Structures are given as C-alpha cells and as structure tokens.
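Structural overview
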Amino acid sequence: MARQQLDILALEPFHGGVRRTMLEAISRCSRHRWTILKLPARRMERRLLVAATWFAEHLSRHRVGRVDALFASEAMNLAEFFRLRPQLAKKPSVVYFHDNQMPDPDQDGVLESPTDLVNLSSATAATEIWFNSLYNLRTFLSRASGMVARHPELQNANPLPKLTAKAHLVPPPIDLATAHAMALEAPADRRDPRFVLVDARRGDHQVLRETLEAIARRRERIHLTVIGRLDGLPDSLRPTVLDERDHAAHADALTTTSVLLSARTDAAADDLVVRAMTTGCLPIVPNSGVYPDLLPEAFHERCLHDGTARSLVSLLLDAWYLARPGGYEMHVEEAVAPFDAINACKVIDERLEKLAAGTVSVRVATGRSRVAVSMS
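A short tour of the structure in this document, coming up. (Residues numbered from 1 in each chain as written. Predicted model: local features only at pLDDT ≥ 70, side-chain atom pairs only at ≥ 80, totals over all residues. Heavy atoms only, no water.)

1. A closer look at the overall build of the protein
In terms of helices and strands, the protein carries 16 helices and 13 strands. Expressed as a percentage of the 376 residues in the protein, the buried residues total 53%. Intrachain contacts of the protein at a sequence separation of at least 6 include 73% that bridge at least 24 residues. Here the protein displays about 17,500 Å² of accessible surface, and carbon together with sulfur accounts for 50% of that area. (Helix = DSSP H or I, 4+ residues; strand = E, 2+ residues; numbered from the N terminus. Buried < 20%, exposed > 50% of the residue type's maximum accessible area, 1.4 Å probe, protein only. Contact = heavy atoms within 4.5 Å. Areas by Shrake-Rupley, 256 points an atom, 1.4 Å probe, with all protein chains shown as cover.)

Structure below.
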C-alpha cells in the first residue's frame, strides 16, 4: 500500500546560507513532495517588504499544482501574501524563524522602519511558527512583547497569547553524515591541536584580534584559518583566509581544525558549530545567544567564554594543554542528534502531517517529484 504524501509549497525569499542548506536537506530526506520557490539571498529589508508580492505574482502566472500546506521563512510578509493569494490562506501554514528582524524591546519611540512589524504580522497569520533554537524563540517573544507594549493600537487585540501557543522548537536539518564521513576520510596527521578556525563572519572583531595578539605575544604555536575578513592581525600569524560563501572550504577546514573560535554574542543558531562538534572540533563560543543551549552542559566550563580576550585566551590554552571533557563523543552525539537531517526531517514531516490532517484531506500519491523555481 502506498504511503500518504503531502504536497508542500515552500517560499524562501532569502535562499542562501543555512536557509538554502536546510531546504536542500529537506528535499533529500523528506518523504513528502516539496515545490520550492526561491529568491537570491540579497537585501533582507527588500525581501521583507516585497517578497510576498513577487511570489504572489509568480503563482498567478504559473500553476504549482496541489498544495496541502505552506512553508515559508520569516524573510517575507505572510499576511500580505495571503491578502494577494486568499485561496492559500485556507491551507495550514508554517513560518520558520531562522532569525528575526524585529527591533530590540528596549528601543524607545515609534516604529523606525516599515520592516519592523513584518515578522509579527507573519507570525500572526501562520498556523504555526517554528524556531531553530529556544534562544530565538525567547528573543522573538520578548521583542513581540516590546512591540505590543510600545504601540497601544496592538494592545487592543494582543497577539502574544496566540503566538506563544503556536510556537514550537524545530531544529533545522543539517547533513551531518557528510561532515562525519569527511572527518573519517581525512588523514590522521592533518588534525593538529594547534589548528584553529576563526569564524569572523559575525561577532566582535576587536575581541578576536586582542585574543590572537595575546597568543602571538606568548609565542604559542598556532595554525590559523579565518572565515571572512579579520584585519589587524599580527604578521606572525599569517592566517589562511576562506571566503564567507565557500561552504565546501569551511567543511574541509573542519577536518583539520581542532578548535573553532567565535565571538558572536547574539547567534540565533550556528550550523558551523554543530558540524564542528560532529567532526571532533572543540568550539569556543560566547556564553550567550544559542550556545548555552546548543552545547552539552559538560562542555560549558571549557567552551563558553565571557566575551573578553582574557577568557578566550584561557579557554584556548586549556584546549591545547588539557584533555577533552569527559565523555566527549557521547555528549556530542546526543547534542547533534536532533540536527541530523534524517532525524530533523522526520520531525518536520510528522508535524506537517498533523497540521494537514486537521484541515485538509491527504492525497495518496504514487510518484515523488520536486520543483525548484529561482527568481531574480
């Protein structure tokens, strides 16, 4: 007997980075059929304002067939999309929050940008809202609460109780099998305790520079690779620099690296850290953002820094001169399991099936096809 399958319409206005890799993993591992409409990963503020119109116009000209559920990232205004395509508003819908673009709850005054309310509008319109981390979920609810408090017109129909009820933690699928295989196939002599990978794409560059300058002054041996641009380093370090978008190079670097260094304090998620742990790399990351929840508690003392160069240097030296935390492999396996593409896609499939079962009948299908449409 054929298994039941859903037809999912996915809209991704910012198709790049982890958003792209997540949809690619879903396309490989989901048992449902996904039609993916996408826009290039450029100008987030532009996507928030007009992506809904672009997708609605495309769908008015091109049929995508049956739709059992709608899946979109937070980089578009779902409420506006439903206004333009009201027939799809009757379908169950999910907005996946990779990040959020609402202003900080401590920000005073009136709305400063037309994009400030987009995430709140999309979350209100969706059947469910999914988050890649508890930190991201808490941040969203905090900012939404601040938005409502600052604007009396929102308090008349306070959306927070309903938003809280339909918010769920759903880890993003990551292809960890490939990362693990690359690590096993790499020659053993390629990995050295002094090989350090610095993620400079985001975070406090000044703290990273002060840390590496302190290491250079100590004349500690270090082989440095940097993702992105990190200016002002001592000449003695001579880092290998990787392009921010060269994900294949990042993956290869993790097979030689023993320590991953980051100073991004507000990360909502970090797939590079998940991959790093999978390949046997010890992450040294801020004691903030997603990291306290992402890293096993047994790693906190050895891996979480307080945002100062002194703390980073201390943890880096510990990584070089002390043994790994006890039960390292067991703790890593438990921490990364929810992100494994097979496990994560199973959770996504089952959740979508429950949503669709409550509103639409599920069609039995004999085929399995997916379409990816790219618009510029």
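2. Thoughts on the layout of surface pockets
Here the largest pocket is characterised by a volume of approximately 1,100 Å³. Lining the largest pocket are 39 residues, and of these Gly17, Val18, Arg201, His247 and Asp271 lie nearest its centre. Those elements that place two or more of their residues in the lining of the largest pocket are β1 (7-15), α1 (17-29), α8 (176-185), α10 (247-254) and α11 (271-278). Across the lining of the largest pocket, the residue classes tally to 15 nonpolar, 10 polar and 14 charged. (1 Å grid on protein atoms, 1.4 Å probe; cavity = no way out; pocket = protein on both sides within 12 Å on 5 of 7 lines; lining within 4 Å. Points joined across faces, edges and corners; volume = space filled by probe spheres on them. Nonpolar A, V, L, I, M, F, W, Y, C, P; charged D, E, K, R; others polar.)

3. Concerning the packing of α11 against helix α15 (residues 328-336)
Interhelical geometry of α11 versus α15 gives an angle of 145 degrees and a closest axis separation of 9 Å. Crossing of α11 against α15: the hand is left-handed. For the pair α11 and α15, contact is made by Val274, Met277 and Thr278 and by Tyr328, Val332 and Val336, respectively. (Axes fitted to C-alpha atoms, helices over the stretch in contact; angles between N-to-C directions. Left-handed = near helix turned anticlockwise from the far one by under 90°.)

4. Things to note about the pattern of salt bridges
Evaluation of the coordinates by the stated rule reveals 18 salt bridges. Note that Arg19 is salt-bridged to Glu74, the shortest N-O span being 2.6 Å. Of this pair, Arg19 sits in helix α1 while Glu74 sits in the loop between β3 (69-73) and α3 (78-84), and the two are 55 residues apart along the sequence. Taken as a pair, Arg19 and Glu74 share a single burial class, namely buried. Between Arg43 and Glu45 there is a salt bridge whose closest N-O contact spans 3.3 Å. According to the relative accessible area criterion, Arg43 is exposed, its value standing at 56%. Members of the salt-bridge network, linked through shared partners, are Arg194, Arg218 and Glu220. (Salt bridge = Lys/Arg side-chain N within 4 Å of Asp/Glu carboxyl O.)

5. A closer look at the packing of aromatic side chains
As enumerated under the stated definition, the model contains eight aromatic pairs in all. Relative to Phe140, the ring of Phe131 lies with its centre 5.2 Å away and its plane at 50 degrees, an arrangement referred to as tilted. Since its relative accessible area comes to 0%, Phe140 is described here as buried. On the numbers, 5.1 Å between centres and 5 degrees between planes, the contact of Phe299 with Tyr328 is stacked. In this pair, Phe299 sits in the loop between α12 (291-294) and α13 (300-303) while Tyr328 sits in helix α15, placing the two residues 29 residues apart along the sequence. Here Phe299 and Tyr328 have matching classes, each one buried. (Phe/Tyr/Trp six-rings, centres within 6.5 Å; stacked < 30°, edge-to-face > 60°.)

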